[in-house]
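So the chains spell out like this:
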Amino acid sequence: MVLADLGRKITSALRSLSNATIINEEVLNAMLKEVCTALLEADVNIKLVKQLRENVKSAIDLEEMASGLNKRKMIQHAVFKELVKLVDPGVKAWTPTKGKQNVIMFVGLQGSGKTTTCSKLAYYYQRKGWKTCLICADTFRAGAFDQLKQNATKARIPFYGSYTEMDPVIIASEGVEKFKNENFEIIIVDTSGRHKQEDSLFEEMLQVANAIQPDNIVYVMDASIGQACEAQAKAFKDKVDVASVIVTKLDGHAKGGGALSAVAATKSPIIFIGTGEHIDDFEPFKTQPFISKLLGMGDIEGLIDKVNELKLDDNEALIEKLKHGQFTLRDMYEQFQNIMKMGPFSQILGMIPGFGTDFMSKGNEQESMARLKKLMTIMDSMNDQELDSTDGAKVFSKQPGRIQRVARGSGVSTRDVQELLTQYTKFAQMVKKMGGIKGLFKGGDRVDGKAAILYSFPNL
Ligand code: GDP
Ligand code: MG
């Protein structure tokens, strides 16, 4: 089961609470059963799943709890908390220091995605303004240097390697020395892998590590082996000083849930996840936003980061309005315009509350873009009164004839227009509830992720 399906199933289970007239033991158990079945189907270890069920049950005292709405929210929140726990290694991850020469060494089995991920990480930091480079110390695999060179050239990242030198220790040392002298901030060293965990692989890794003294060793793990990740991660951690993990191939893979929870169980901090073959298919991994996106609740914090990367002109007017709790359809339109510039869309849409369904489904860039464009086309058929009302959805619900007019004008069904209004309501609710949302669409203050989670539950 792919992760997007897992998210949908859990969301549907949580939603069953909202549909139930009373919340009793039976309803709670049925919901938990659905959640647990979905997790097991995603290859999460049965012990972890059992623990989750027990923790939720012990956090909830149905007798003690008062009103229905409150009960639902508290149960949903308890499930959310446990899901976060499932992927949270509870260890703070290493982060590079700006202005310093950070040497990052990649290790992992052959085919796990090291070379691809090296380039993704380099590209990620380069876009954020760090002076970044790549070194190919894989002399084992024929064509390894060409592969890295190709990726680096495409992304305009300086690189180092050799066609003739066969000793990875020499290449790695020379490369690191050269780039350190040139004051590079992120120096990424790609190494070779083997098909199995063999002594020769570990020996080579150790030699390279001893020679270059990396600040961080990143272990690259292919998600497709699911739960087996736990044993493999442990084996690598035992041999070298692995400080962080990147889990690759989480796009549409059946065992993603198993992989993430298994790695977390070894207390290894996952720093990024790979979600495709393209250099952009790469996301920082943070437990709360990850679960939030999985359940279609968006990731406002991630969205803010993305918007900040764009360095747009400031949005004083919007911020002023938001402070007064106003978020109109036109504001949403303008934010969509910003989003169009950001890419990749499937990632961005997952960050918007109410849009979660595209989460991690790969290769639907065009579909996502088309979806956003369609929404904008619908809004193009709205008039100023509709676009600028502080509660756009209400204007329509008061006079449903407007829905038909807009549908005709934009060549869509009335249901499409209604869906857009529902999405607007969710987005606006989220944006408003965040209160004095100084950080949104502008640099500066961060939003409290916890508040976002609590407030987003009414959307379920
Ligand atoms: P290495 O042997 O560890 O260096 O692995 P490579 O970087 O050469 O990757 C092996 C294969 O996995 C290549 O075909 C990559 O395109 C593919 N790959 C790497 N990361 C991802 C990912 O996140 N998603 C998908 N779908 N493929 C990936
Ligand atoms: Mg490689």
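Keep in mind that what you see is a predicted model, and the values were worked out from it rather than measured. Here the residue index of a chain counts from 1 through its sequence in written order. Just so you know, chain letters begin at A and ligand numbers begin at 1, following the order they were written in. With pLDDT at 70 or above as the cut-off, local features in this predicted model cover only qualifying residues; side-chain atom pairs require 80 or more to be listed or tallied, and sums for whole chains, interfaces and linings still use all residues. Hydrogens are left out, water is left out, and the side-chain values use all remaining heavy atoms of the structure.

A few words on the overall build of the protein chain. Secondary structure counts use DSSP, requiring at least four H or I residues in a row for a helix and at least two E residues in a row for a strand, with both numbered from the N terminus. The helix and strand tally for the protein chain stands at 21 helices and 8 strands. Accessibility here uses a 1.4 Å probe with only protein chains present; expressed as a share of the type maximum, an area under 20% marks a residue as buried, one over 50% as exposed, and anything in between as partly exposed. Across the 460 residues that make up the protein chain, the buried fraction comes to 53%. Should any heavy atoms of two residues lie within 4.5 Å, those residues are considered in contact. Look at the contacts in the protein chain between residues 6 or more apart in sequence, and 74% of them connect residues 24 or more apart. The Shrake-Rupley method, run with a 1.4 Å probe sphere, supplies the accessible areas, and residue values consider only the shown protein chains as cover. A total accessible area of about 20,500 Å² is found for the protein chain, and carbon and sulfur atoms account for 49% of it.

What follows deals with the environment of phenylalanine 80. Structurally, phenylalanine 80 can be placed in helix α4 (residues 68–87). Once the C-alpha coordinates of phenylalanine 80 and isoleucine 10 are considered, the two residues, 70 residues apart in sequence, prove to be 9.8 Å apart.

Our focus in this paragraph is the sheet that holds strand β5 (residues 216–222). Spatially, the 8 strands line up as an open sheet ordered β3-β2-β4-β1-β5-β6-β7-β8, and their pairing is mixed. Here the strands that pair on one side only, and so sit at the sheet edges, are β3 (159–160) and β8 (282–284). Pairing analysis gives 4 bridges linking strand β1 (residues 102–107) to β5, with the strands arranged parallel. Paired with valine 107 across the bridge in β5 is tyrosine 219. As a rule, the C-alpha atoms of each element are fitted with a line to give its axis, helices using only the stretch in contact, and angles between N-to-C directions run from 0 to 180 degrees. Lying on the sheet, helix α5 (residues 114–127) is in contact with β1, β2 (132–137), β4 (186–191), β5, β6 (244–248), β7 (270–274) and β8; it crosses β4 at an angle near 175 degrees. For two strands to count as paired, DSSP must find a minimum of two bridges between them.

One recurring pattern in soluble globular proteins: nonpolar side chains tend to sit buried together. Side-chain atoms within 4.5 Å link the members of a nonpolar core, which is a set of buried Ala, Val, Leu, Ile, Met, Phe, Trp, Tyr and Cys residues. Among the nonpolar cores identified, the biggest contains 76 residues, and Ile10, Met31, Leu39, Phe236, Val247, Leu260 and Ile291 are the most heavily contacted of them. Considering each element in turn, this core owes the most residues, 8 residues, to α4. Discounting chain neighbours no more than four positions away, the residues touching phenylalanine 236 are Val107, Gly108, Leu109, Gln197, Leu201, Phe202, Met205, Tyr219 and Val242.

The subject of this paragraph is the packing of helix α1 (residues 3–19) against helix α2 (residues 25–41). The geometry of α1 relative to α2 is characterised by a closest axis approach of 9 Å and an angle of 180 degrees between their N-to-C directions. Classed by the angle they form, the pair α1 and α2 counts as roughly antiparallel. Between α1, through Leu6, Lys9, Ile10, Ser12, Ala13, Leu14, Ser16 and Leu17, and α2, the contact on the second element is made entirely by Val27, Met31, Glu34, Val35, Ala38, Leu39 and Glu41. Across the contact of α1 with α2, the residue classes break down as 10 nonpolar, 2 polar and 3 charged. Here is the rule for angles: anything less than 35 degrees is roughly parallel, anything more than 145 is roughly antiparallel, 65 through 115 is roughly perpendicular, and the remaining ranges are oblique. In this classification, the charged set is Asp, Glu, Lys and Arg, the nonpolar set is Ala, Val, Leu, Ile, Met, Phe, Trp, Tyr, Cys and Pro, and all remaining amino acids, among them Gly, are polar.

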